[in-house]
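Now for the letters of each chain:
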Amino acid sequence: MKVLVLGAGVAGVAAAWYLRRDGHEVTVLERNDAVALETSFANGGQLSYSYVAPLASPSVIPKIPPWLLRRDSPLKFVPRWDAEQWRWIAAFLAACNRRQADVTTERLLRLAFYSRSLMHELIDREAIDFDYVRNGKLVVHTDPAAFESAKRLMAYQESLGCEQEALDAARTVELEPALAAMGPRIAGSIHTPSEDAGDCFKFANELARLMGAGENPVRLRFGVAIERLLALGRRVVGVETDRGVFEADRYVLALGTSAPAVVRPLGLRIPVYPLKGYSLTLPIADERAAPRISVTDYRRKVVYARLGNDLRVAGMADLAGRAPVIDTERVGQLIDEVKAAFPGATDFSRLQPWCGMRPATPRGTPILGATPYSNLFLDAGHGALGFTLALATGRVIADVIGGRRPAVPLDGLRYDD
Ligand SMILES: Cc1cc2nc3c(=O)[nH]c(=O)nc-3n(C[C@H](O)[C@H](O)[C@H](O)COP(=O)(O)OP(=O)(O)OC[C@H]3O[C@@H](n4cnc5c(N)ncnc54)[C@H](O)[C@@H]3O)c2cc1C
């Protein structure tokens, strides 16, 4: 079959990868001149297979007022005259209860574990270089109460198959000596040896390189801006773009934060709203002062990953409209975090700041598979976990299109759920 994948972020590229493996004739349409230049460009680099708990949880509610009042808080809200923003917030608050948070965690863990097995299979089979490391992850807590509740979550996640251990401050610093400066503030940490990290931009580009070569190559059409989907009854018959109309048998929508606007004229609503985040890419100046294990500072919601000779630092969640504009104050806050956590580790003279828009759903789960249009499929709403989940979601889409039952149940992840 002819399949058009719309969007060449990490989600679209991963879907194209598995669709090609099924023997389809795949074309990817992308408005930029290369793969992964938007949200998949400089994210936190975490392949966070066991750390999937959603932002929407009961514990977040009491934190919201102080977060909203402090300028340097990890979460920022700038109200807009935008009904979508308010609808998203209402649905987010409705999801902030224990039952929903547990159900979401379970669904995301299933997808994430599946993604991990696909990633390991891919790495075993292909020569693919994206600064991938299997160094594990330390989630460091500076607040004793938060550490206690993290231990409870760990016990729950253990029942779902996660292998994690709680460490006291001394063991934490022993495992990752670069945390010495933070040492006196550490209440404890959760160590997950099975977490990976890598460079999402390089990963997507490597997949694109591999699938663009050999028999039945995927065609990547860059510089093509999608304007609208053309439908006849409950069937998509083409994609109108600034380069003309493209037609196929099946259409996969992997447009990140643009997905809702493209499907709205067809009468479809998908609750994806941009949650802006920031990252810094910093060359490492002192090997011993920079972490080798991926680190999350839980209280400040900042993640650190070693990518080749750089330290990638990412954080912040700003519900502040749709413009991917860098706020220099937010960058300054992230710089202060790195200086406090890993003093002397990096070279700030060669700092590369970036911001990206997470395609976030209120519950934190992606929206996958069939739609009321018989040949239109969604691969959307990957939120804070798009790099982690992309292989699983791509494979699920290929399975649904191929008429196979996906390896993970799609309850709660479908368009109508
Ligand atoms: C600061 C930050 C840190 C993060 N850290 C992590 C992490 O550590 N681990 C993790 O797993 N995830 C992380 N994420 C999330 C992850 O980056 C996203 O979930 C993921 O990149 C989403 O991929 P996507 O392909 O859905 O979207 P995108 O990468 O945005 O791809 C969508 C593509 O569609 C194209 N497009 C859109 N509209 C049109 C149009 N009209 N015509 C043509 N093309 C169009 C865009 O150009 C883009 O290339 C982070 C995100 C941020 C912002």
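A.B. asks: Any chance you could explain the nonpolar core here in plain terms?
C.D. replies: As a rule of thumb, soluble globular proteins bury nonpolar side chains together. Among the nonpolar cores identified, the biggest contains 55 residues, and Leu19, Met119, Leu122, Phe203, Leu207, Val252 and Leu391 are the most heavily contacted of them. Secondary structure elements with two or more residues in this core: strand S1 (2-6), helix H1 (10-21), strand S2 (25-29), helix H4 (98-125), helix H7 (200-211) and helix H10 (386-401). Not counting residues up to four positions away in its chain, the partners in contact with Leu122 are Trp17, Ile128, Phe203, Leu207 and Leu391. Of all hydrophobic cores here, the second largest spans 28 residues; its members include Val140, Tyr304, Leu311 and Met316.

A.B. asks: It is not clear to me how the sheet that holds S1 should be interpreted in this structure. Could you clarify?
C.D. replies: The strands making up a sheet are joined through hydrogen bonds of the backbone, oriented either antiparallel or parallel. Read across the open sheet, the six strands follow the order S9-S2-S1-S13-S20-S19; overall the sheet is mixed. Across the chains shown, the open sheet's two edge strands, defined by having one partner strand only, are strand S9 (219-221) and strand S19 (367-370). Strand-to-strand twist of the sheet, defined as the mean angle between neighbouring strand axes without regard to direction, takes the value 20 degrees. As paired strands, S19 and strand S20 (residues 376-380) are joined by four bridges and run antiparallel to one another.

A.B. asks: What is the right way to look at the sheet that holds strand S11 (residues 235-241) in this model?
C.D. replies: Pairing is antiparallel across the open sheet formed by three strands, whose spatial order is S10-S11-S12. Two strands lie at the open edges of the sheet, namely strand S10 (226-232) and strand S12 (244-246), each paired on one side alone. Looking at each pair of strands side by side, their axes are set apart by 30 degrees on average, direction ignored. Sheet topology note: the S11/S12 ladder contains three bridges and is antiparallel. The residue bridging Glu240 from the neighbouring strand is Val245, located in S12.

A.B. asks: In this structure, what is going on with the pattern of salt bridges? I would like to understand it.
C.D. replies: When their charged atoms lie close together, side chains carrying opposite charge are able to pair. Counted according to the given criterion, the structure contains 27 salt bridges. Between Glu329 and Arg71 there is a salt bridge whose closest N-O contact spans 2.7 Å. Pair noted here: Glu329 is in helix H9 (residues 328-341) and Arg71 is in the loop between helix H2 (64-69) and strand S4 (75-77), with a separation of 258 residues, a long-range link. Given a relative accessible area of 35%, Glu329 falls into the partly exposed group. Here Arg71 falls in the exposed class, since its relative accessible area comes to 61%. By sharing partners, the salt bridges in this structure join Asp22, Arg395, Asp399 and Arg404 into a single network.

Criteria and cut-off values
Residues numbered from 1 in each chain as written. Predicted model: local features only at pLDDT ≥ 70, side-chain atom pairs only at ≥ 80, totals over all residues. Heavy atoms only, no water. Core = buried A, V, L, I, M, F, W, Y, C linked by side-chain atoms within 4.5 Å. Buried < 20%, exposed > 50% of the residue type's maximum accessible area, 1.4 Å probe, protein only. Helix = DSSP H or I, 4+ residues; strand = E, 2+ residues; numbered from the N terminus. Contact = heavy atoms within 4.5 Å. Pairing = 2+ DSSP bridges. Axes fitted to C-alpha atoms, helices over the stretch in contact; angles between N-to-C directions. Salt bridge = Lys/Arg side-chain N within 4 Å of Asp/Glu carboxyl O.

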